[in-house]
Amino acid sequence: MAKTGATSPAEGDGVAVGRQTPFEPEPAEGPSSFPPIAEYAFLSDCETNALVAPSGNVEWLCSPRPDGRSVFAAMLDRAAGGFRLAPTGVLVPAGRRYLPGTLVLETTWRARGGWIVVRDAMCVGPWYHQQRRSGTHQRPPTDYEAEHILLRTVKCIIGNVELSLDCEPVFDYGRTEARWEYSGQGYGEAIANGGEGDVQLRLLTDLRVGFEGRGAHARTTLAEGDRAYVALCWPRSQWSASEEYWAERAPPANADEAFERMERTSEFWRGWINQGVFPEHRWQSHLQRSALTLKGLTYAPTGALLAAATTSLPETPGGSRNYDYRFTWIRDATFMLWGLYSLGFEREANDFFYFVADVCHGENDELQIMYGVGGEKELPEEELDHLGGYEEAQPVRIGNAAATQRQHDVWGVVLDSVYLHTKSRDYLPERVWPLLKRAVECAIDNWSKPDQGIWEVRGPPRHFTSSKLMCWVACDRGARLAKLHGDRDLATAWRKAADEIHADICERGVDERGVFVQHYDTTALDASVLLMPLLRFLPPEDPRIRDTVLAIADELTVDELVLRYKVEETDDGFAGEEGTFTICSFWMVSALVEIGEVARARQLCEKLLSYASPLQLYAEEIDPRSGRHLGNFPQAFTHLALVNAVMHVIRAEAGGDATRFRPQGVSLL
């Protein structure tokens, strides 16, 4: 995944350089106060999202957008705010699950006196802007809309259980404590204010709330059959907290209404997942959970896809490889479109395609590798020194200066996205033709120059093979689209450029074994060249493709899981080591299928699926020794690669029918 280019090179992770296997964390002095990354649950209403720890504590929520200031950030510092609803004194639940087909979390608790069930969701309901525009939607609105409510319902199913509510927001990444005040006649309505620019929070509950410092607290005993609810609400922006706004989207007023809203949100997610096309296969639940996660990582007003929901979850325990992923990488576009089309979600694919088209529209603007979810081009990076970091991993960063890097793969990604979109409709939108021409010409002008590569290394620019590959993709897809557009002269010129790049890669991008390498001046391997068979650079049966895939499988893996590259062979500007990149391992599954190693691909896919979190989610990396997830969470790119890999194996098991489980004519290839 993309890295920032902001801080100084050679930042130490406190780990010796030069091992050929991932890090071995120093023994902990005691148990961590942070839950493992993989044990967080992910909630979303497609406009913002939250992460919930097994303890029932909401430890990450930003408003009013997913890249906005945090309200709860306990996952980055235990003092940075949380929102817990659980039995008093009980920290370990009896069980957790998503309601099937939804992003509604259900947690079952056993207390000494009885059992309760808590359900958490970010509410989605019917479109409610009947009298005025929402102010944020750029894509055509659907029939449903985020209600900007984090809803928590409780039911006691046996015995008697004392329930505790502790809501302690700390605004602006833990810098501003909340100021609470009652807003109704009783004890069930309260408002929390932060500093300038922070959105107001509104708490409604049928519990009796009191204030202690920055927190709103309540405690009550539930008997069998009793129900309760808590709703935390926020406006669309700091300027929309008006009586008119709250009246238009009133939160639930009692437990009956709260349980009805929860059921309505469940129905929304089940209705959405039913639009997809999923094979009858034992891995279907992984495909559905990945689809739901990708939908949850989408910012509905613009169609943008977040790379992940979080910032600064470390790729190395206690290390400095900590980045903000709450933005959209153009690199994700091809994989996003392929994943959505292959599962039948054409509307979401269409929205993301036009988001990409919008941000790439300016005639004189340089195409960036990443953008904000609203299309913002400037993403200034800042280090938050006041936050301790997840398990003391520092620095904590917001913003991402990688937006200013030059990477030559971006033009190929855009062209492949246009190509996929066009093939799905047999139609090339006229508005994207100028963008297409500009991207191909940029690829032609720059393909022979060095760059920072797909992994955004901080060492000197190199002639990275994968960057040349994507420039070839730009010219190859451009030639096909020019022919469809009726411009045969351009088609001929772009085909000639594609052939020139192809020949250069085949001559300079392989070692003496005939294996494709990381860049032209090394014999080091790099997992990014696994994209070659997937992008049809050469036929899968070509010996160079087969030998490359097998060389990476045998030499660039730890316990079969794939590294991006060996850190001792790559000047990436960092000291220290990193885990295996899960996206690269899923690429390996797809590549093994392509070269006919189906049994090996199935075995690796089964192993990767076994590493899923308890709720079938994935972070960016996996430590193959412990199975621990590392990096930001949940990671869109990993889930996209999972869909690609699983569908590759399923098709191979079904006899190789590549169109059986996807819309006719749509392919990543």
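The rules we used
- Residues numbered from 1 in each chain as written.
- Predicted model: local features only at pLDDT ≥ 70, side-chain atom pairs only at ≥ 80, totals over all residues.
- Heavy atoms only, no water.
- Helix = DSSP H or I, 4+ residues; strand = E, 2+ residues; numbered from the N terminus.
- Buried < 20%, exposed > 50% of the residue type's maximum accessible area, 1.4 Å probe, protein only.
- Contact = heavy atoms within 4.5 Å.
- Areas by Shrake-Rupley, 256 points an atom, 1.4 Å probe, with all protein chains shown as cover.
- Patch = residues over 30% accessible without salt bridge, like charges linked within 9 Å, V, L, I, M, F, W, Y side chains within 5 Å.
- Salt bridge = Lys/Arg side-chain N within 4 Å of Asp/Glu carboxyl O.
- Axes fitted to C-alpha atoms, helices over the stretch in contact; angles between N-to-C directions.
- Parallel < 35°, antiparallel > 145°, perpendicular 65-115°, else oblique.
- Left-handed = near helix turned anticlockwise from the far one by under 90°.
- Expected span 1.5 Å × (residues − 1).
- Phe/Tyr/Trp six-rings, centres within 6.5 Å; stacked < 30°, edge-to-face > 60°.
- Pairing = 2+ DSSP bridges.
- Polar contact = N/O pair within 3.5 Å; in protein donor to acceptor, adjacent residues only side chain to side chain.
- Core = buried A, V, L, I, M, F, W, Y, C linked by side-chain atoms within 4.5 Å.

### Things to note about the overall build of the chain
Link 1 in the chain: Across its full length, the chain holds 15 helices and 27 strands.
Link 2 in the chain: In the chain, which comprises 669 residues, the share counted as buried stands at 64%.
Link 3 in the chain: Within the chain, counting contacts between residues at least 6 apart in sequence, those at least 24 apart form 69% of the total.
Link 4 in the chain: Carbon and sulfur atoms make up 46% of the accessible area of the chain, which totals about 23900 Å².

### Notes on a nonpolar patch on the surface
Link 1 in the chain: Where nonpolar side chains cluster on the molecular surface, the patch consists of Trp115, Ile157 and Ile158 and spans about 260 Å² of accessible area.
Link 2 in the chain: Assignment of secondary structure puts isoleucine 157 in strand 9 (residues 144–168).

### A word on the packing of helix 5 (residues 332–343) against helix 6 (residues 346–359)
Packed helix pairs are specified by the crossing angle of their axes together with the interaxial distance, meaning the distance between the axes.
Link 1 in the chain: Two elements in contact, helix 5 and helix 6, have axes whose closest approach is 8 Å; the angle formed by their N-to-C orientations is 160°. On the basis of their axis angle, the class for helix 5 and helix 6 is roughly antiparallel. Our pair here, helix 5 against helix 6, has a crossing hand that is left-handed. Of helix 6, the residues touching helix 5 (which contributes Asp332, Ala333, Met336, Leu337, Leu340 and Tyr341) are Glu346, Glu348, Ala349, Phe352, Phe353 and Val356.

### Here we look at helix 4 (residues 284–296)
Link 1 in the chain: With 13 residues, helix 4 ought to run about 18 Å at 1.5 Å a step, and its terminal C-alpha atoms sit 18 Å apart, in line with that.
Link 2 in the chain: Among the residues of helix 4, His286, Leu287, Arg289, Ser290, Ala291, Leu292, Thr293, Leu294, Lys295 and Gly296 are the ones counted as buried.

### Things to note about the packing of aromatic side chains
Link 1 in the chain: The final tally for this structure, using the stated rule, is 20 aromatic pairs.
Link 2 in the chain: Ring geometry for tryptophan 272 and phenylalanine 345: centres 4.1 Å apart, planes at 5°, overall stacked. Of this pair, tryptophan 272 sits in helix 3 (residues 255–273) while phenylalanine 345 sits in the loop between helix 5 and helix 6, and the two are 73 residues apart along the sequence. Here the two residues tryptophan 272 and phenylalanine 345 agree in accessibility, since each one is buried.
Link 3 in the chain: With a centroid separation of 5.2 Å and 80° between ring planes, the pair formed by tryptophan 472 and phenylalanine 537 is classed as edge-to-face. In this pair, tryptophan 472 is assigned in helix 9 (residues 465–485) and phenylalanine 537 in the loop between helix 11 (531–534) and helix 12 (543–555), connecting sequence segments 65 residues apart.

### What to know about the environment of lysine 377
Link 1 in the chain: Relative to the helices and strands, lysine 377 is located in the loop between strand 20 (370–371) and strand 21 (382–383).
Link 2 in the chain: Along the primary structure lysine 377 and leucine 367 are separated by 10 residues, whereas in three dimensions their C-alpha atoms are 9.7 Å apart.

### A word on the pairing of strand 8 (residues 114–126)
Link 1 in the chain: The element strand 8 is largely enclosed, with a buried count of 10 among its 13 residues.
Link 2 in the chain: Pairing of strand 7 (residues 105–111) with strand 8, which is carried by 7 bridges, proceeds in the antiparallel orientation. Pairing of threonine 107 across the sheet is with valine 118, part of strand 8.
Link 3 in the chain: The antiparallel hairpin formed by strand 7 and strand 8 contains 2 residues in its connecting segment.

### Things to note about the sheet that holds strand 27 (residues 629–630)
Link 1 in the chain: The 3 strands lie next to each other as 25-26-27, forming an open sheet whose pairing is antiparallel. Each edge of the open sheet carries a strand with a single partner, namely strand 25 (580–581) and strand 27.
Link 2 in the chain: Looking at chain direction, strand 26 (residues 621–622) and strand 27 are connected through 2 bridges and run antiparallel. In the sheet register, isoleucine 622 faces strand 27, and the bridge partner there is histidine 629.

### Comments concerning helix 3
Link 1 in the chain: Over its 19 residues, helix 3 extends 27 Å from the first C-alpha to the last, a length consistent with the 27 Å expected when each residue adds 1.5 Å.
Link 2 in the chain: Next to the buried residues of helix 3 lie strand 1 (41–44), strand 8, strand 9, strand 16 (227–233), helix 4 and helix 6.
Link 3 in the chain: A side-chain oxygen of the first residue of helix 3 lies 3.2 Å from the backbone nitrogen of aspartate 256; this N-cap is asparagine 254.

### A look at the side chain of aspartate 409
Link 1 in the chain: Within the fold, aspartate 409 resides in the loop between strand 22 (397–398) and helix 7 (410–425).
Link 2 in the chain: Residue aspartate 409 is classed as buried on the basis of its relative accessible area, which comes to 4%.
Link 3 in the chain: Dropping the residues within four chain positions of it, aspartate 409 is found in contact with Arg331, Asp451, Ile454 and Met470.

### Points about the pairing of strand 15 (residues 215–223)
Link 1 in the chain: With 8 bridges joining them, strand 9 and strand 15 adopt antiparallel strand pairing. Looking at strand 15, one finds that leucine 163 is bridged to threonine 220.
Link 2 in the chain: Taken together, strand 14 (residues 210–212) and the strand that follows it, strand 15, pair antiparallel across an intervening segment of 2 residues, in which glycine 213 is found at a positive phi of about 60°.

### Some points on the nonpolar core
Link 1 in the chain: Counting residues in each nonpolar core, the largest one holds 203 residues, and the members touching the most others are Leu61, Phe83, Leu150, Leu436, Phe537, Trp587 and Met588.
Link 2 in the chain: The biggest single contributor to this core is helix 15 (residues 636–653), with 11 residues.
Link 3 in the chain: In this view, tryptophan 587 contacts Phe335, Ile454, Trp455, Ala527, Ser528, Leu530, Leu531, Phe637 and Ala641; residues no more than four positions away in its chain are not counted.
Link 4 in the chain: Counting 13 residues, the second-largest nonpolar core is a separate cluster that includes Cys123, Ala231, Cys233 and Ala258.

### Let's talk about unusual backbone geometry
Link 1 in the chain: Note the cis peptide between glutamine 394 and proline 395, where omega equals 5°.
Link 2 in the chain: Looking at where proline 395 falls in the secondary structure, it is placed in the loop between strand 21 and strand 22.
Link 3 in the chain: The residue after phenylalanine 633, namely proline 634, is reached through a cis peptide bond having omega -15°.
Link 4 in the chain: Position of proline 634 relative to the elements: it lies in the loop between strand 27 and helix 15.
Link 5 in the chain: Even without being a glycine, glutamate 560 presents a positive backbone phi close to 75°.
Link 6 in the chain: Secondary-structure assignment places glutamate 560 in the loop between strand 23 (557–558) and strand 24 (561–562).
Link 7 in the chain: Positive phi is not limited to glycine here, since glutamine 616 has a value of about 65°.
Link 8 in the chain: Here glutamine 616 is to be found in the loop between helix 14 (598–610) and strand 26.

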